[in-house]
Amino acid sequence: MQVRKSSRRARLLRFGLNLYPPYLGAGVRVRHISADFREIRVKMGLSVFNRNYVGTQFGGSLYSMTDPFFMLMLMENLGRDYIVWGDKAANIEFVSPGKGPVYADFRIDQHLLDDIRARTAAGEKYLPRLHAEVRDGEGTLVARVQKTLYVRLKPRARQAA
């Protein structure tokens, strides 16, 4: 039953994000969210709305296509006892021009979740650094993204521990 709820929740989130006006305008499409919220795949086509002066993917659009996903994944996996803020810091390194559709894959694993829980168990904040790559249809690296998130156990959960 839990997998079914999670699967439905993932589909609803995917549907909602695909209707989000900034993503609609930039041509960002969420292609897949796994039922356990540990994998997300995003695509952004090249269009008049996200093309820069030289005809390649606009850097701001490349960054925005990676913006909320690690935060959403951690929120869904850690649960309501945690404060998760997307982007305490972020960095994007542009490697090659995006001349067509580009893709980004986001993954988290059990080791990361266990590490976060251990580091925040006594109420400390933790700033995990997560990485994603943006690649074109042929697999050529277009950009590397590093995101530092803020994670902390909520005060009410600390008192219960």
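The following paragraphs examine the structure supplied in this document. (Residues numbered from 1 in each chain as written. Predicted model: local features only at pLDDT ≥ 70, side-chain atom pairs only at ≥ 80, totals over all residues. Heavy atoms only, no water.)

This paragraph deals with the sheet that holds strand β1 (residues 28–33). The six strands lie next to each other as β1-β2-β4-β5-β6-β3, forming an open sheet whose pairing is antiparallel. Edge positions in the open sheet fall to β1 and β3 (82–94), since each of these has one partner strand only. The sheet shows a mean angle of 25 degrees between the axes of neighbouring strands, taken without regard to direction. Inspection of the sheet shows strand β4 (residues 102–107) paired to strand β5 (residues 129–136) by four bridges, in the antiparallel sense. Residue A104 lies in a different strand from β5, and its bridge partner there is V134. Contacts from helix α4 (residues 69–78) reach β1, β2 (39–44), β3, β4, β5 and β6 (141–153), with the element oriented near 150 degrees to β3. (Pairing = 2+ DSSP bridges. Helix = DSSP H or I, 4+ residues; strand = E, 2+ residues; numbered from the N terminus. Axes fitted to C-alpha atoms, helices over the stretch in contact; angles between N-to-C directions. Contact = heavy atoms within 4.5 Å.)

This part takes up the pattern of salt bridges. One pass over the structure, following the stated rule, counts eight salt bridges. Between D81 and R156 there is a salt bridge, with its nearest N and O atoms 3.6 Å apart. With a gap of 75 residues between them, D81 in the loop between α4 and β3 and R156 in helix α6 (residues 155–160) connect regions that are remote in the sequence. A salt bridge links R119 to D115; the shortest N-O distance between them is 2.9 Å. Of this pair, R119 and D115 are both found in helix α5 (residues 110–120), four residues apart, which corresponds to roughly one turn of the helix. On the basis of relative accessible area, R119 is assigned to the partly exposed category, the value being 44%. (Salt bridge = Lys/Arg side-chain N within 4 Å of Asp/Glu carboxyl O. Buried < 20%, exposed > 50% of the residue type's maximum accessible area, 1.4 Å probe, protein only.)

Secondary-structure assignment places N18 in helix α1 (residues 2–19). A residue is classified by how much of its surface remains accessible, and N18, at 5% relative accessible area, is buried. Ignoring any residue separated from it by four or fewer positions in sequence, one finds N18 in contact with L24, V28, R29 and V30.

What follows deals with a nonpolar patch on the surface. Among the surface-exposed residues, F15, L19 and L24 lie close enough to one another that they form a single nonpolar patch of about 320 Å² accessible area. Overall, the relative accessible area of 54% leaves F15 in the exposed class. (Patch = residues over 30% accessible without salt bridge, like charges linked within 9 Å, V, L, I, M, F, W, Y side chains within 5 Å. Areas by Shrake-Rupley, 256 points an atom, 1.4 Å probe, with all protein chains shown as cover.)

Attention now moves to the environment of L149. Structurally, L149 can be placed in strand β6. Through-space distance from the C-alpha of L149 to that of Y63 is 15 Å; in sequence the pair is 86 residues apart. Once you skip the residues sitting within four places of it in the chain, L149 turns out to touch F70, M71, L74, V84, W85, G86, D87, K88, Y126, L127, P128 and L130.

Turning next to the nonpolar core. Grouped together as the largest cluster of nonpolar side chains are 38 residues, with contacts concentrated most on M65, F69, L74 and F106. Broken down by element, the residue count for this core peaks at six residues, all from α4. Once residues lying within four places of it in the same chain are set aside, the contact partners of F106 are R38, E39, I40, V42, M65, T66, F69, F70, M73 and A132. (Core = buried A, V, L, I, M, F, W, Y, C linked by side-chain atoms within 4.5 Å.)

Here we take up the packing of aromatic side chains. Scanning the entire structure with this criterion turns up four aromatic pairs. When the centroid spacing of 5.7 Å and the interplanar angle of 90 degrees are considered together, the rings of Y20 and Y23 count as edge-to-face. Pairing Y23 with F69 gives two aromatic rings, centres 6.2 Å apart and planes at 15 degrees, and the pair type is stacked. With Y23 in helix α2 (residues 21–26) and F69 in helix α4, the pair connects residues that are 46 residues apart, well separated along the chain. Among the aromatic side chains, those forming a connected cluster through ring pairs are Y20, Y23, F69, F70 and F106. (Phe/Tyr/Trp six-rings, centres within 6.5 Å; stacked < 30°, edge-to-face > 60°.)

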